Amino acid sequence: MQYQVEENCLTIFLPNEVDHHNAEDIRKEADKVIEQKHIRYVIFDFEGTNFMDSSGIGVIMGRYRRVYLLGGEVWAVHANERMKRILKMSGVTKIMQVFEEEKK
């Protein structure tokens, strides 16, 4: 998992596919960083992601539950149309903001 921490914000750069093969590793690593760095905001960066199954949705939901109890938030950035559709259909857009790219 590639990630970046700035103050109390963790950005997780998701891989091309987020599925049951790598979701557990992402979850473990994210939880460790959230705990150690006192993270309140988690940003999931979907720039390189083209596929996500229910285990990926579970990763998002679980990180939301962790930071929500601390007064934090979860966001999604750089999601392509397919990923936005998956996020919307799964219902996670009710708990997280999906930031749109500004058209130039």
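Preceding block: the structure.
Bear in mind the structure is a predicted one, so any value in this text is a computation, not a measurement.

Participant: Describe the packing of aromatic side chains, naming the residues involved and giving the relevant values.
Facilitator: Taken as a whole and judged by the stated rule, the model has three aromatic pairs. Clustering of aromatic rings is evident, with ring pairs tying together Tyr41, Trp75 and Phe99.

Participant: So what's going on with the environment of Glu17? Which residues, and what values?
Facilitator: In this fold, Glu17 is placed in strand 3 (residues 17-18). Residue classification places Glu17 among the partly exposed positions, given a relative accessible area of 40%. Separated by 32 residues in sequence, Glu17 and Thr49 have C-alpha atoms that sit 5.8 Å apart. If we skip the residues at most four places from it in the chain, Glu17 touches Asn22 and Phe51.

Participant: Give me the lowdown on unusual backbone geometry, citing residues and values where you can.
Facilitator: A positive phi angle, close to 50°, is found at Glu7, a residue other than glycine. Residue class for Glu7 comes out exposed when judged on its relative accessible area of 76%. Although it is not a glycine, His78 adopts a positive phi angle of roughly 60°. Mapped onto the elements of the fold, His78 is located in the loop between strand 6 (73-77) and helix 3 (81-90). Accessibility expressed as a relative area gives 27% for His78, which makes it partly exposed.

Participant: Just give me the short version of the packing of helix 1 (residues 23-37) against helix 2 (residues 54-68), but keep the residues and values in it.
Facilitator: In the contact formed by helix 1 and helix 2, the axes pass within 9 Å of each other and the chain directions differ by 15°. In terms of axis orientation, helix 1 runs roughly parallel to helix 2. Regarding helix 1 and helix 2, the two cross each other, and that crossing is right-handed. Here helix 1 contributes Ala23, Ile26, Arg27, Ala30, Asp31, Ile34 and Glu35 to the contact with helix 2, which in turn contributes Ser55, Gly56, Val59, Arg63, Arg66 and Val67. Here the residues of the contact of helix 1 with helix 2 are counted per class, giving six nonpolar, two polar and five charged.

Scoring rules and cut-offs
- Residues numbered from 1 in each chain as written.
- Predicted model: local features only at pLDDT ≥ 70, side-chain atom pairs only at ≥ 80, totals over all residues.
- Heavy atoms only, no water.
- Phe/Tyr/Trp six-rings, centres within 6.5 Å; stacked < 30°, edge-to-face > 60°.
- Helix = DSSP H or I, 4+ residues; strand = E, 2+ residues; numbered from the N terminus.
- Buried < 20%, exposed > 50% of the residue type's maximum accessible area, 1.4 Å probe, protein only.
- Contact = heavy atoms within 4.5 Å.
- Axes fitted to C-alpha atoms, helices over the stretch in contact; angles between N-to-C directions.
- Parallel < 35°, antiparallel > 145°, perpendicular 65-115°, else oblique.
- Left-handed = near helix turned anticlockwise from the far one by under 90°.
- Nonpolar A, V, L, I, M, F, W, Y, C, P; charged D, E, K, R; others polar.

The values are spatial; any link to function lies outside them.
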